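Inside the fold
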Protein chains: 6
Amino acid sequence: MVSQPPANHEHIDDEMIKMEVNLDDISGEWLGYVMDRLFEAGANDVYYTSIYMKKNRPGILLQLLCAHAKIDNMKAILLKETTTLGIRYYPVTVHRMERRFISVPTEWGPVSVKQGIQHGEVFQSSPEYEDCKAIAQKHMVPLKKVYAEVWKQIDQ
Amino acid sequence: MVSQPPANHEHIDDEMIKMEVNLDDISGEWLGYVMDRLFEAGANDVYYTSIYMKKNRPGILLQLLCAHAKIDNMKAILLKETTTLGIRYYPVTVHRMERRFISVPTEWGPVSVKQGIQHGEVFQSSPEYEDCKAIAQKHMVPLKKVYAEVWKQIDQ
Amino acid sequence: MVSQPPANHEHIDDEMIKMEVNLDDISGEWLGYVMDRLFEAGANDVYYTSIYMKKNRPGILLQLLCAHAKIDNMKAILLKETTTLGIRYYPVTVHRMERRFISVPTEWGPVSVKQGIQHGEVFQSSPEYEDCKAIAQKHMVPLKKVYAEVWKQIDQ
Amino acid sequence: MVSQPPANHEHIDDEMIKMEVNLDDISGEWLGYVMDRLFEAGANDVYYTSIYMKKNRPGILLQLLCAHAKIDNMKAILLKETTTLGIRYYPVTVHRMERRFISVPTEWGPVSVKQGIQHGEVFQSSPEYEDCKAIAQKHMVPLKKVYAEVWKQIDQ
Amino acid sequence: MVSQPPANHEHIDDEMIKMEVNLDDISGEWLGYVMDRLFEAGANDVYYTSIYMKKNRPGILLQLLCAHAKIDNMKAILLKETTTLGIRYYPVTVHRMERRFISVPTEWGPVSVKQGIQHGEVFQSSPEYEDCKAIAQKHMVPLKKVYAEVWKQIDQ
Amino acid sequence: MVSQPPANHEHIDDEMIKMEVNLDDISGEWLGYVMDRLFEAGANDVYYTSIYMKKNRPGILLQLLCAHAKIDNMKAILLKETTTLGIRYYPVTVHRMERRFISVPTEWGPVSVKQGIQHGEVFQSSPEYEDCKAIAQKHMVPLKKVYAEVWKQIDQ
């Protein structure tokens, strides 16, 4: 869903921002919609935390991470689609590890695996969810069986 | 806030019910209001839990405990003040311990303390919040100092 | 998503069951998948609660509501797609209010509205999310504007 | 509850601070009290998040937003009324939209509505909770009916 | 930690009970302690959920599952170690699948794996956490590497 | 668990950092393990928050506070023991109050109490959990009784 994926080599990204909004006058129904809009518009990540607000209100803390270049897009969506009149900004530094994508064969076809690399060594291997899900649904096998099969093929 | 407090001697209460509603299309603002209405109408307890619902919706599970005799009152409020069209019921048995109230003197005046008793022995002593709060505000002392003072006076 | 929607007249349903599983050895990625499978297979509702489990583990309580006739389907999915070896069952009684669907015109086309009725009176009017979402996306208007327009047309 | 409301025109506020405390040795009873004290002393917002802390402890993250000028007041309350010995500070920038208040007539009297404005256009209209609550209680109508009535009167 | 583990063949257990307590006047520090005591005394499971209680209080819902024979032990701990004066009980039926334990060799030694079996087929394989943890710490390898190694050896 | 405790006099610490990771593809079992590793390696605090992530995933926000000098240690553990490929950093300023430790006698032996001091006055007294726990277990008394006894001895 990310429009501009970060670079694949290890790097420090100082051009990120965290935007934050507290919401106590919006329904969960609308919030589900808002999350999709923010991802489509290029947020690197969006997540909700349930919080305790004044007057016994269960509220939601909306947080998103994006590049500086995306701030105006995000702001436009937050104002149009949520009920807020104010947005908070925090500078954030992101350290991203080197990553590469490999293709792993399974009995149901290939699955893409994202690997994390440091000092030339693989320290992380994550099968791509969408690939595994597609196989699980097409071949009617449990999702966890697909993952298990992929893990077996990887030299971890 | 409870309209009909349970009896003070140890007893098993089989006349209680838990009512439950999942909500994803109501704001926190309204939920704060609903909680107060339910307590006023005689709920023994009301509490909210944040839950993950379908379509990425942060929702709220409203739960309340009340006597069978209060079910219609609760139902009327839930239908009028929330957005639900259905209510779930679970039978519940409540075991309540013997309790008594004593008055404990402090330098700012007396504080009521609720005690739990079993086999003639006190196993629990809880200073009444509203008493302590009133002292804290009137005498401008920290609330925790008021509690500490009360605890000192109690033979636990 | 519900395969067999409940009847539209007010009724008490005693044929429902709540199924419950505690999970501490499954990822969020898989849980998102499981929820969809359970809805597709006919669960009336599925929701997650984050819980504190032993050994400092953030866990998930999976709860679902279904008709007795669906229990085996649900069990099959829970065993295949989660990591559990046991399932808990609670009987539940559901009181459902009379409901009807009306069509409300807006400048962008009609929206279905679900209404709750008691003693011949409408006490609840909920615009259908999927209708409003489709309009919001097709006509590029904020979702909240679509809801506002629908509410205006309803005699609440 | 805010002692010094922010200006009504659109502006960037760089004079805000977020203060943060992790708490695992205080009861919910006291935390309810603390929130009120912080708002009274001029916090712009106060909210709690439940967190998982070491040794299987369900803890609370207390967060508050305030102007730099209020830091000492906040600190005094946190030290006196909670159990912490340390406070964390984060700089925060707040972007606030232009807002104005209009009065909207209803059959039960006027209700104040806060509106958000951008490029001369209203993108947000929030009925004031306390006004709606007062009407709901005085006229014994559901709160949601009061909001619905107000929304009908607003040209959104 | 369970004192009387359930039987290994598939069975329906009707002799279980859920006990439940709402707590708003106890610290997280004590709750961490309570959980350990309850497990030691034979609870099958204990878990906490953070809830929103009256007067803006973040509270905790303590839930535990145990056999009927353990109820008195649990009650004694709840009264002595928490601040409650009442306990709620719900009957619960537990469906447990057939399970068996196999030993899986790894380069660091054997790991016990719990398997779930239905219709003679293995549908679940969970490496024992304590075994994997012991290896991870003794051989200074990442825990996830130990799990990965075990999964490779299992015919899933 | 902190390897390098902060100084005991009141001070402002500008050498702290908050590290943050969002996780949706790791189990609670592993997260319990990760928390212990981070504390052992010198984190000042580590805590988890449950968050709502995309695609209906219940996720975990891992946050930790540490001195700049510990960043590399923390990073190494996060990469080896979790499933992340990126870490976020926020500068944080910590204001710590003057603290001292006193020994308080009880009928079961001495308990260490951490006190907070400002302008020469004690505003906080926290009995050390590990001391109280050791007494509770050795002498088989409720933990809350041990705390109560300690509080009685302190001039608050």
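Quick summary incoming for the structure in this document. All values derive from a computational prediction rather than experimental measurement.

**Some details on the sheet that holds strand β7 (residues 121-127) of chain B**
Residues and elements named next belong to chain B. On the basis of which strands lie adjacent, the open sheet formed by three strands has the order β5-β6-β7 and antiparallel pairing. The two strands at the open ends of the sheet, each matched to only one other strand, are β5 (98-104) and β7. The mean angle between the axes of side-by-side strands here comes to 30 degrees, regardless of whether they run parallel or antiparallel. The pairing of strand β6 (residues 111-118) with β7 spans six bridges and is antiparallel. From the neighbouring strand, Val113 faces β7, where its bridge partner is Pro127.

**Here's the deal with the packing of helix α3 (residues 129-139) of chain E against helix α1 (residues 28-40) of chain F**
Where α3 of chain E meets α1 of chain F, the axes come as close as 11 Å, and the angle between the chain directions of the two elements is 30 degrees. Of the possible angle classes, the one that applies to α3 of chain E and α1 of chain F is roughly parallel. Here α3 of chain E runs over α1 of chain F; the crossing is right-handed. Together, Tyr129, Lys133, Ala136 and Gln137 of chain E of α3 of chain E and Glu29, Tyr33, Arg37 and Glu40 of chain F of α1 of chain F make up the contact between the two elements.

**What about the relation of the copies chain C and chain A?**
Structural alignment of chain C on chain A gives an RMSD of 0.0 Å, achieved by rotating through 180 degrees and translating 0.0 Å along the axis. What the rotation and shift describe, once combined, is the action of a two-fold rotation axis. Rotation axis and chain C: the residue whose C-alpha lies nearest the axis is Ser50 of chain C, separated from it by 5.5 Å. Take the interface residues of chain C: 100% of them recur as interface residues in chain A, which is what a same-surface contact looks like.

**Focus: the pattern of salt bridges**
Applying the stated rule across the entire model yields 49 salt bridges over all chains. Its salt-bridge partner being Glu10 of chain E, residue Lys75 of chain C comes within 3.9 Å of it at the nearest N-O pair. With Lys75 of chain C in helix α2 (residues 71-81) and Glu10 of chain E in the segment before β1 (11-23), the pair connects residues from two separate chains. Under the relative-accessibility criterion, Glu10 of chain E is labelled partly exposed at 37%.

**As for the pairing of strand β1 (residues 11-23) of chain F**
Residues and elements named next belong to chain F. Across the 13 residues of β1, ten count as buried, placing the element largely inside the fold. Sheet topology note: the β1/strand β4 (residues 86-96) ladder contains eight bridges and is antiparallel. Among the inter-strand pairings, Ile12 is bridged to a residue of β4, identified as His95. Across eight bridges, the pairing between β1 and strand β3 (residues 57-67) is antiparallel. Paired with Asn22 across the strands is Leu61, a residue of β3.

**Considerations on the sheet that holds strand β5 (residues 98-106) of chain C**
All names here are of chain C. Here we have three strands laid out as an open sheet, ordered β5-β6-β7, and antiparallel in their pairing. If you trace the sheet from one side to the other, it starts and ends with β5 and β7 (121-127), each paired once. Direction aside, neighbouring strands of the sheet carry axes that sit 30 degrees apart on average. Here six bridges tie strand β6 (residues 109-118) to β7, and the two strands are oriented antiparallel to one another. Across the sheet, helix α3 (residues 129-139) is in contact with β5, β6 and β7; its angle to β6 comes to roughly 160 degrees.

**A closer look at helix α1 (residues 28-40) of chain A**
Two residues of an α-helix separated by three or four positions point the same way, owing to the 3.6 residues in each turn. Residues and elements named next belong to chain A. For α1, which comprises 13 residues, the first-to-last C-alpha distance of 19 Å matches the rise-based estimate of 18 Å (1.5 Å per residue) to within 8%. For α1, the buried fraction is high: eleven of the 13 residues fall into the buried class. All of the buried residues along α1 are Gly28, Glu29, Trp30, Leu31, Gly32, Tyr33, Val34, Met35, Arg37, Leu38 and Phe39. Just downstream of α1, Gly42 is the residue with a positive phi angle, here 105 degrees.

**Notes on the interface of chain C and chain A**
In many reports, interface size means the accessible area that the parts give up when they come together. With 20 residues of chain C at the interface, the matching set in chain A holds 20 residues. Between chain C and chain A, the buried area comes to about 1,800 Å², and carbon and sulfur atoms account for 57% of it. On the chain C side of the interface with chain A, the three residues burying the most area are Trp30, Tyr33 and Lys144 of chain C, jointly 37% of the side's total. Viewed at the interface, chain A and chain C are joined by zero salt bridges. Linking chain C to chain A there are ten residue pairs in polar contact (both at pLDDT 80 or more). The set of elements that each furnish at least two residues to the side of chain C that touches chain A consists of α1 (28-40), α2, α3 and α4 (143-153) of chain C.

**Thoughts on the packing of aromatic side chains**
Under the defined criterion, the tally for this structure stands at 24 aromatic pairs over all chains. Here the aromatic cluster, defined as three or more aromatic residues joined through ring pairs, consists of Trp30 of chain A, Trp30 of chain B, Tyr147 and Trp151 of chain C together with Tyr147 and Trp151 of chain D. The cationic tip of Arg37 of chain A hangs over the ring face of Tyr33 of chain A; the distance from NZ or CZ to the ring centre is 4.3 Å. Residue placement shows Arg57 of chain A over the ring face of Tyr129 of chain D; its charged tip is 4.6 Å from the ring centre.

**What about the relation of the copies chain F and chain A?**
Each copy of the sequence occupies a distinct position, and chain F is placed on chain A by a rotation of 120 degrees and an axial shift of 0.0 Å, giving an RMSD of 0.0 Å. Such a turn and shift between the copies fits a three-fold axis. Closest to the rotation axis within chain F is the C-alpha of Thr49 of chain F, separated from it by 4.5 Å. When the interface residues of chain F are mapped onto chain A, a mere 9% of them are again interface residues, pointing to distinct binding faces.

**Side note on the side chain of Thr106 of chain D**
Residues and elements named next belong to chain D. Note on placement: Thr106 falls in strand β5 (residues 98-106). Given the relative accessible area of 12%, Thr106 is considered buried. There is a polar contact of 2.6 Å between the side chain of Thr106 and the backbone oxygen of Gly109. When neighbours within four sequence positions are excluded, Thr106 is seen to be in contact with Val111, Ile135, Glu149 and Val150.

**Some points on the interface of chain F and chain A**
The partner chain A presents 29 residues to the 23 residues of chain F that form the contact. Across the chain F-chain A interface, the total number found is three salt bridges. Counting across the chain F and chain A interface gives eleven residue pairs in polar contact (both at pLDDT 80 or more). Secondary structure elements with two or more residues in the side of chain F that touches chain A: β1, β2 (45-53), β3, α2 (71-81) and β4 of chain F. Its residues placed into classes, the side of chain F that touches chain A shows nine nonpolar, seven polar and seven charged.

**Comments concerning unusual backbone geometry**
With a phi angle near 60 degrees, Lys55 of chain D is a residue other than glycine that sits in the positive phi range. Locating Lys55 of chain D in the fold gives a position in the loop between β2 (45-53) and β3 (57-67). You will see that His119 of chain F, though not glycine, has its phi angle at about 50 degrees, which is positive. Relative to the helices and strands, His119 of chain F is located in the loop between β6 (109-118) and β7 (121-127). Residue class for His119 of chain F comes out exposed when judged on its relative accessible area of 77%.

**Quick notes on the environment of Val92 of chain E**
Within the secondary structure layout, Val92 of chain E lies in strand β4 (residues 86-96). Looking at Val92 of chain E, the relative accessible area reads 3%, which means it is buried. The contacts of Val92 of chain E, once residues within four sequence positions are left out, are Arg88, Tyr89 and Tyr90 of chain C together with Asp13, Asp14, Met16, Ile17, Lys18 and Leu65 of chain E.

**Focus on the side chain of Glu81 of chain B**
By the element assignment, Glu81 of chain B lies in helix α2 (residues 71-81). With no salt bridge to any partner, buried Glu81 of chain B finds its closest opposite charge in Lys80 of chain B, at an N-O distance of 6.0 Å. A polar contact is formed between the side chain of Glu81 of chain B and the backbone nitrogen of Leu143 of chain D, at a distance of 2.9 Å.

How each quantity is defined
Residues numbered from 1 in each chain as written. Chains lettered and ligands numbered in written order. Predicted model: local features only at pLDDT ≥ 70, side-chain atom pairs only at ≥ 80, totals over all residues. Heavy atoms only, no water. Pairing = 2+ DSSP bridges. Helix = DSSP H or I, 4+ residues; strand = E, 2+ residues; numbered from the N terminus. Axes fitted to C-alpha atoms, helices over the stretch in contact; angles between N-to-C directions. Parallel < 35°, antiparallel > 145°, perpendicular 65-115°, else oblique. Left-handed = near helix turned anticlockwise from the far one by under 90°. Contact = heavy atoms within 4.5 Å. Least-squares fit on C-alpha atoms with pLDDT ≥ 70 in both. Salt bridge = Lys/Arg side-chain N within 4 Å of Asp/Glu carboxyl O. Buried < 20%, exposed > 50% of the residue type's maximum accessible area, 1.4 Å probe, protein only. Expected span 1.5 Å × (residues − 1). Buried area = accessible area lost by both parts, 1.4 Å probe. Polar contact = N/O pair within 3.5 Å; in protein donor to acceptor, adjacent residues only side chain to side chain. Phe/Tyr/Trp six-rings, centres within 6.5 Å; stacked < 30°, edge-to-face > 60°. Lys NZ or Arg CZ within 6 Å of the ring centre and 35° of its normal. Nonpolar A, V, L, I, M, F, W, Y, C, P; charged D, E, K, R; others polar. Lys, Arg positive; Asp, Glu negative; His and termini not counted.

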